[in-house]
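Results of the structural survey
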Amino acid sequence: MNSSCTMREHGRADAPAACCRPDSASFHSPAASNVGGHGSVWRQSARNTLICLLGCTIGDVGVVVASWIWFPHAPMLLVMALAIVAGLITSIALETFWRVRQGHPVRQAFSMALSMSFVSMLAMEIAMNLVDLGLTGGHRAHLSIETYAGVLALGEIAGFLVPWPYNAWRLSHGRSCH
């Protein structure tokens, strides 16, 4: 038997991942919850979204800081594209690491991280970078660290709020078990 959850096994008593078994405290089935009114789905999806946000932020901020230090005149769209790619990579790596720590084999953990979180990560990255572009006008080199920290904070808020409803919807329909 597989040692990790696959979508077709979600909700079965013999699902290999405990979080996907109906008797698990973290299991959410479409019949047991709805996105509009079930608070635990929103709480769990908020937690999942924050984990994803942490991964995206690590990659994003790493590229921004590197561009400030070594390439201060790099075109903003290039920096944004690299930040999105780095954010996706670090988010997938963090999600994979988290799943491996839960006992999933690396290959399956990586596959799960990609299949359950990629749309969320992409929406998050785009939201964060659009806030950055909108508030800085594409000119970060002249910003103080304090000013950019404020821009980053607003981007983080957008990066959380944009994918959160999608993550809650997926969780409430048994399409995610983290």
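Everything here concerns the structure above.
**A look at the overall build of the chain**
Counting its regular elements, the chain contains 5 helices and 0 strands. Mapped from its N terminus to its C terminus, the chain presents α and β elements in the order α-α-α-α-α. Within the chain, the fraction of its 178 residues that count as buried is 45%. Within the chain, contacts between residues separated by at least 24 positions form 67% of all contacts whose residues are at least 6 apart in sequence. With an accessible surface of roughly 9,200 Å², the chain has 69% of that area assigned to carbon and sulfur atoms.

**As for the packing of helix α1 (residues 39–70) against helix α4 (residues 145–161)**
One can describe the packing of α1 onto α4 by two numbers: an axis separation of 10 Å at closest approach and a directional angle of 145°. At the point where α1 passes α4, the crossing takes the right-handed sense. Here A46, T49, L50, L53, T57, V61, V64 and W68 of α1 lie close against α4, whose contacting residues are Y148, L152, E156, G159 and F160. Of the residues contributing to the contact of α1 with α4, the split by class is 9 nonpolar, 3 polar and 1 charged.

**Considerations on helix α2 (residues 76–101)**
An α-helical turn contains 3.6 residues, so a residue and the one three or four places further along point in the same direction. Its 26 residues place the ends of α2 37 Å apart at the C-alpha level, agreeing with the 38 Å of an ideal helix rising 1.5 Å per residue. Downstream of α2 by one or two residues, G103 has phi in the positive range, about 105°.

**Some words on the nonpolar core**
In terms of nonpolar packing, the biggest core is built from 12 residues, these being A46, C52, L53, C56, I84, L88, I92, A113, M121, M124, M128 and F160. Of all the secondary-structure elements, those providing two or more residues to this core are α1, α2 and α3 (106–136). Excluding anything up to four places from it in sequence, A46 contacts F160 and W164.

**Observations concerning the environment of S111**
Relative to the elements of secondary structure, S111 occurs in helix α3. With 19 residues separating them in the primary sequence, S111 and I92 have C-alpha atoms 9.5 Å apart.

**Topic: the side chain of T96**
Along the chain, T96 falls in helix α2. Overall, T96 belongs to the buried group, its relative accessible area being 11%.

**As for the pattern of salt bridges**
Using the criterion set out here, one finds 1 salt bridge in the structure. R99 serves as the salt-bridge partner of E95, at 3.2 Å between the closest nitrogen and oxygen. One end of the pair is E95 and the other is R99, both in helix α2 and 4 residues apart, which spans about a single turn. Residue classification places R99 among the buried positions, given a relative accessible area of 1%.

**A look at the packing of aromatic side chains**
The full count for this structure, using the stated rule, is 4 aromatic pairs. Taken together, a centroid distance of 5.2 Å and an interplanar angle of 90° make the contact between W42 and W164 edge-to-face. Here W42 is found in helix α1, whereas its partner W164 is found in helix α5 (residues 164–172), with 122 residues between them in sequence. W164 sits in the partly exposed class, given a relative accessible area of 22%. Relative to Y148, the ring of W68 has its centre 5.1 Å away and its plane inclined at 70°; by these criteria the two rings are edge-to-face. Here W68 is found in helix α1, whereas its partner Y148 is found in helix α4, with 80 residues between them in sequence. Residue W68 is classed as partly exposed on the basis of its relative accessible area of 25%.

Rules and cut-offs
Residues numbered from 1 in each chain as written. Predicted model: local features only at pLDDT ≥ 70, side-chain atom pairs only at ≥ 80, totals over all residues. Heavy atoms only, no water. Helix = DSSP H or I, 4+ residues; strand = E, 2+ residues; numbered from the N terminus. Buried < 20%, exposed > 50% of the residue type's maximum accessible area, 1.4 Å probe, protein only. Contact = heavy atoms within 4.5 Å. Areas by Shrake-Rupley, 256 points an atom, 1.4 Å probe, with all protein chains shown as cover. Axes fitted to C-alpha atoms, helices over the stretch in contact; angles between N-to-C directions. Left-handed = near helix turned anticlockwise from the far one by under 90°. Nonpolar A, V, L, I, M, F, W, Y, C, P; charged D, E, K, R; others polar. Expected span 1.5 Å × (residues − 1). Core = buried A, V, L, I, M, F, W, Y, C linked by side-chain atoms within 4.5 Å. Salt bridge = Lys/Arg side-chain N within 4 Å of Asp/Glu carboxyl O. Phe/Tyr/Trp six-rings, centres within 6.5 Å; stacked < 30°, edge-to-face > 60°.

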